[in-house]
Amino acid sequence: MRYYLYKFSMFGITLFMVSLIIFFVFQLLPGNPAQIILGLDADEQQIRHLEQELGLDKPAVERYIDWIAGVFQGDLGESLRYQLPVSEVLADRIPVTTSIAILAMVLTVVIGIPLGILIARTDGKIISVFLSMITQLGISIPSFWFGFMLILLFSVTLNWVTSFEYVAWSDDFFGALRSHFLPSLSIAISNIAIVIRYLRNTILDQRKMDYVRTATCKGLSERAVLYGHVLRNAFIPVITIIGLITADTLGGSIIIENVFALPGLGSLLIQSITSRDFPLVQSMVLYIAVIVLVINFIVDLLYKLIDPRIRQKG
Amino acid sequence: MKKFGGKAFLLLFFVSVLLVACSDKGSNEAGEQAAKANKNEEKMGGTVRIAMSTEVDNLDPYQSAATDTMSMMDNVYDGLLDTDEAGELVPAIAESYDISEDGLVYTFKLKENVTFHDGSELTAEDVKYSYEKLAGLSGEEPISSQYEVIEKIEAPSDFEVVITLKEKNSAFLAANIRPILPADYDNHSEKPIGTGPFKFAEYKVGQELRLVKNEDYYNDKKIPNMDEVLFKIMPDPESAILAMQSGEIDVIPGISSQGKEQLGDTIETVSAPQNMVQLMALNNQVEPLNNINVRKAINLAIDKDMIIDMVAEGDGVKLGSNFSPSMQVYYQEGLEDTYQTNIDEAKKLLAEAGYPDGFNLELTVPSDYQFHVDTAQVITEQLAQVGIQVEIKLMEFSTWLEKVYNDAQYESTIIGFTGKLDPYEILRRYVSDYNNNFVQYENEAYDKLIHDALSATDEAEMADIYKQAQTMLAEEAASVFIMDPYRTVAMKKGLQGWKMYPIQKFNLEDLHYTE
């Protein structure tokens, strides 16, 4: 119980620090939102008028207190650029990013883990060397390149799918699957390569351990040792990696969302930063911080499930 | 664990790819059928999908500031006047107008058969309501300083509007292209209502804006051919090109020369100057740029033709002052040759100014615009020939706006000024007390010229004054006025009717498929 109380208080303190840092760092950035919204030819009067309307004429501390007080009441403020409640803007975007992230994670786990095990099992053989080379490519090549290649292959050359049509799950399930698939796959490819790498290395490391020798001497088959003992230990670092990747993708892939013209959080974050849309950026950074903290928490719980030693310590 | 074999997952992966691939086949067929139908139906109807790089900032035309939004929504609204392809003002909702001899009273006669998209008739009250809002006469702040000059607006009859100005202002006429909104309706941010050739249908934030044909448009000859227009938000230019290649987009309204090359002969293009002035702005108040000989030397050392060839692939018009030839009436010809590239002469002028070995110059460039960054690189090479060592400083546009444009904390920079319909809006940038005269050009004679032009009532006289102002900017080498880069619109083969204007205006009513 103390463990959970500790975790929750850390959670709160981290969020508060994140909100404070992001708010004041943004105050230091040059660039007046009103001027950015109105463009090159805005006159001083127009800018002042908009500043008043957006509340930018108030002191920074007052704005921070207003904002944080609003957050506690579930009010994230109003986006400067869209002039809509931040919660409304985010509510439109979060499902897009979440769907892509979940599909990308499913692909990563479903393809990465079996292939990682396969490469470890065939270590030293030609197929393993070949697959290792491919994973190296997967890690080195950026995801936007895969995005363009997939569009080029499936949309331009084969003309099988439309790449730039976003369909919501509630509108048409297969249409949604179609519109989410290529972006998810583009994100997944490098993640798959990372998972394969990690899993292979940790499996090979574990195999050198004494407990494996003991198990083999007891007459267990290679398969039984692998699935019964080695994998359990090998999964711990892989879970950390998967946790990190999940947190990363749930925050939105800026580049992939731009490539596939998807209305997700990544593209919104970039737009909000360039337009100095403070309330929106602050809320998005808070959201990302919450995601990272929650996923870290889940990863900790998973450790405990897998490794009895951690369970005892907790 | 055994069940989680590699083969099974690979199979699952390929099945998913296949599933995704097959499920779209239907819509492709539907697209082909539609295309065939168009061919037989005398080329009327259909949908056109246009790629837009930025998102709508606000659907309310009085709250929106983004040029792209205005270009899209311009099809939903009409103003009293409109512009033709040459930049001349033509009647729209107004049937005719009359300006009093003292230049203070503008009387507009309105067309009588104009209806808003909700079916209500447009009357002088709507115009009065709209202009009072723009001018801040309805109790709120003025929406734009262009209308602050209005003293009062009267509606003596249902179809007549009389606007009285506080003082003579020749730039006011061009301001009458702003949309007229229905009186006392203020839900434009969600459901805009105008009188234009297209009606607002739907806006999906971050995705698309859909407009449909207005069958009841008051101008019979301008009822659109297209049934529907879809603006798709595609921030990545490379994606827009791929979408064009895969047939998901029909128009890219501004394509780069590389993009044009990539699409090759699969598309048709329309290219024209866009009434933009790309310039290397020189801060006239910092040393040594406050010396006219130094500014002239920089002008002589820069080869604008080479920049046009290298950066714009030849698609640009060389300029000599802050004015583009797309505004023919007011354009002073010949200024582009004021400074023919001459390295020796440039060196001589630098020596006279006390810089025989050149000097170091900081060139701040907004990093968001690759076109300007590329231009900066060419200029760096060219100025090195006369001993001016340029240091390029890249800056994000929002920061650039504050540091360079607002605070004039810079030595030199590269930027493009988008065109306006009125020469005053373009040339007042160099008036001493104009708040965004970030070049910090100060010249009393110039200030007087611009002031005189504003109070002129005769168009020929006005044009003459604006030409003199341009000549002054060139002779004083206020900056290096480089080019007006062309805007190139890429269109799917068989799509025609895109018109180019001296402002960014998407006139969609003439678009039609020919095959």
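The rules behind each value
- Residues numbered from 1 in each chain as written.
- Chains lettered and ligands numbered in written order.
- Predicted model: local features only at pLDDT ≥ 70, side-chain atom pairs only at ≥ 80, totals over all residues.
- Heavy atoms only, no water.
- Helix = DSSP H or I, 4+ residues; strand = E, 2+ residues; numbered from the N terminus.
- Buried < 20%, exposed > 50% of the residue type's maximum accessible area, 1.4 Å probe, protein only.
- Contact = heavy atoms within 4.5 Å.
- Areas by Shrake-Rupley, 256 points an atom, 1.4 Å probe, with all protein chains shown as cover.
- Lys, Arg positive; Asp, Glu negative; His and termini not counted.
- Charge placed at Lys NZ, Arg CZ, Asp CG, Glu CD.
- Salt bridge = Lys/Arg side-chain N within 4 Å of Asp/Glu carboxyl O.
- Polar contact = N/O pair within 3.5 Å; in protein donor to acceptor, adjacent residues only side chain to side chain.
- Buried area = accessible area lost by both parts, 1.4 Å probe.
- Nonpolar A, V, L, I, M, F, W, Y, C, P; charged D, E, K, R; others polar.
- pLDDT = per-residue confidence, 0-100.
- Pairing = 2+ DSSP bridges.
- Axes fitted to C-alpha atoms, helices over the stretch in contact; angles between N-to-C directions.
- Phe/Tyr/Trp six-rings, centres within 6.5 Å; stacked < 30°, edge-to-face > 60°.
- Lys NZ or Arg CZ within 6 Å of the ring centre and 35° of its normal.
- Patch = residues over 30% accessible without salt bridge, like charges linked within 9 Å, V, L, I, M, F, W, Y side chains within 5 Å.
- 1 Å grid on protein atoms, 1.4 Å probe; cavity = no way out; pocket = protein on both sides within 12 Å on 5 of 7 lines; lining within 4 Å.
- Points joined across faces, edges and corners; volume = space filled by probe spheres on them.

### Focus on the overall build of chain A
Tallying secondary structure elements over chain A gives 14 helices and zero strands in all. Walking chain A from its N terminus toward its C terminus, one meets helices and strands in the order α-α-α-α-α-α-α-α-α-α-α-α-α-α. Considered along the principal axes of its C-alpha atoms, chain A spans approximately 85 × 60 × 35 Å. Sorting the 314 residues of chain A into buried and exposed places 52% on the buried side. Residue pairs in contact within chain A that sit at least 24 positions apart in sequence constitute 71% of those at least 6 positions apart. Entry remark: accessible area of chain A is about 14,900 Å², with carbon and sulfur atoms responsible for 68%. In chain A, 23 positive and 24 negative side-chain charges are present, and the distance between their average locations comes to 21 Å.

### As for the side chain of B:Arg295
All names here are of chain B. Along the polypeptide, Arg295 turns up in helix 7 (residues 292-301). One buried charged residue, Arg295, forms no salt bridge at all, with the nearest opposite charge on Glu476 at 4.6 Å. For Arg295, the side chain forms a polar contact with the side chain of Asn284, separated by 3.4 Å. Once residues lying within four places of it in the same chain are set aside, the contact partners of Arg295 are Leu282, Asn284, Leu289, Asn290, Glu476, Ala477 and Ala478.

### Considerations on the interface of chain A and chain B
With 55 residues of chain A in contact, the opposing surface of chain B contributes 58 residues. Between chain A and chain B, roughly 5,000 Å² of surface is buried when both sides are summed, and carbon and sulfur atoms account for 58% of that area. Where chain A touches chain B, the interface holds one salt bridge. The closest approach of N and O atoms between B:Glu55 and A:Arg93, which form a salt bridge, is 3.3 Å. Where chain A meets chain B, there are five residue pairs in polar contact (both at pLDDT 80 or more). Put simply, the parts of the chain that give the side of chain A that touches chain B at least two residues each are helix 2 (33-38), helix 3 (44-54), helix 5 (86-121), helix 7 (143-157), helix 8 (173-207), helix 10 (222-250), helix 11 (254-259) and helix 12 (265-274) of chain A. The leading source of residues in the side of chain A that touches chain B is helix 7 of chain A, at six residues. Along the lines of polarity and charge, the residues of the side of chain A that touches chain B split into 31 nonpolar, 14 polar and 10 charged.

### Observations regarding the confidence of the model for chain B
Residue and element names in this part refer to chain B. The predicted model of chain B averages 87 in pLDDT, with 92% of residues at 70 or higher. Low pLDDT, under 50, characterises residues 1-42; the predicted model gives this stretch 39 contacts beyond four residues in sequence or across chains. Interface predicted TM-score (ipTM) for the complex: 0.74; the corresponding pTM is 0.80.

### As for the sheet that holds strand 4 (residues 94-99) of chain B
All names here are of chain B. Here four strands make up an open sheet; going across it, the order is 4-5-7-6 and the pairing antiparallel. The open sheet terminates on both sides in strands that have one partner only, identified here as strand 4 and strand 6 (150-157). Taken pair by pair, the neighbouring strands of this sheet meet at an average axis angle of 20 degrees, ignoring direction. Taken strand by strand, helix 4 (residues 124-135) contacts strand 5 (105-110), strand 6 and strand 7 (160-165), and its axis lies near 170 degrees from that of strand 6.

### Some points on unusual backbone geometry
All names here are of chain B. With an omega of -5 degrees, the peptide bond between Glu287 and Pro288 qualifies as cis. Considering the arrangement of structural elements, one finds Pro288 in the loop between strand 13 (277-282) and helix 7. Residue Asn275 is not a glycine yet carries a positive backbone phi of 60 degrees. Tracing the backbone shows Asn275 in the loop between strand 12 (267-273) and strand 13. Unlike most non-glycine residues, Glu313 shows phi in positive territory, near 55 degrees. Residue placement: Glu313 occurs in the loop between helix 8 (304-312) and strand 14 (316-318). Overall, Glu313 belongs to the partly exposed group, its relative accessible area being 44%.

### Comments concerning the packing of aromatic side chains
As enumerated under the stated definition, the model contains 28 aromatic pairs over all chains in all. Between A:Phe173 and A:Phe174 the ring centres are 5.5 Å apart and the planes differ by 85 degrees, which places this aromatic pair in the edge-to-face class. A:Phe174 sits in the partly exposed class, given a relative accessible area of 44%. Counting every residue linked through ring pairs, the aromatic cluster contains B:Tyr369, B:Phe397, B:Trp400, B:Tyr405, B:Tyr410, B:Phe417 and B:Phe438. Note that B:Lys505 overlies the ring of B:Tyr501, its terminal NZ or CZ placed 5.5 Å from the centroid.

### Some points on a nonpolar patch on the surface
Taken together, A:Tyr6, A:Met10, A:Ile13, A:Phe16, A:Met17, A:Ile21 and A:Val25 make up a surface patch of nonpolar side chains, about 680 Å² in accessible area. Checked against the element boundaries, A:Met17 lands in helix 1 (residues 2-28).

### What to know about empty space enclosed by the protein
Enumeration over the complete set of coordinates arrives at six cavities of 30 Å³ or more. Computed from the structure, the largest cavity encloses a volume of approximately 70 Å³. Forming the boundary of the largest cavity are A:Arg93, A:Glu257, A:Asn258, A:Ala261, A:Leu262, A:Pro263, A:Ser267, A:Gln271, B:Glu55, B:Gly206, B:Ile233 and B:Pro235. Sorting the residues of the lining of the largest cavity by element identifies helix 11 and helix 12 of chain A as the ones contributing at least two each. For the lining of the largest cavity, the per-class residue count stands at five nonpolar, four polar and three charged.

### Comments concerning the pairing of strand 4 of chain B
Residue and element names in this part refer to chain B. In the sheet, strand 4 pairs with strand 5 via five bridges, with the strands oriented antiparallel. The partner of Asp98 across the bridge, within strand 5, is Thr107. Counting the residues between successive antiparallel strands, the hairpin from strand 4 to strand 5 contains five residues, one of them, Gly103, with a positive phi of roughly 75 degrees.

### With respect to the confidence of the model for chain A
Counting all residues, the mean pLDDT for chain A is 82, and 96% of those residues have values of 70 or more. Per-element mean pLDDT across chain A ranges from 60 in helix 14 (residues 308-313) of chain A up to 89 in helix 5 of chain A.

### Description of the pattern of salt bridges
Evaluated as defined, the whole model comprises 23 salt bridges over all chains. Close ionic contact of A:Arg213 with A:Asp210 constitutes a salt bridge, the shortest N to O distance being 3.1 Å. One end of the pair, A:Arg213, and the other, A:Asp210, are both in helix 9 (residues 210-217), three residues apart, so they sit about a helical turn from each other. By sharing partners, the salt bridges in this structure join B:Arg49, B:Asp250 and B:Lys492 into a single network.

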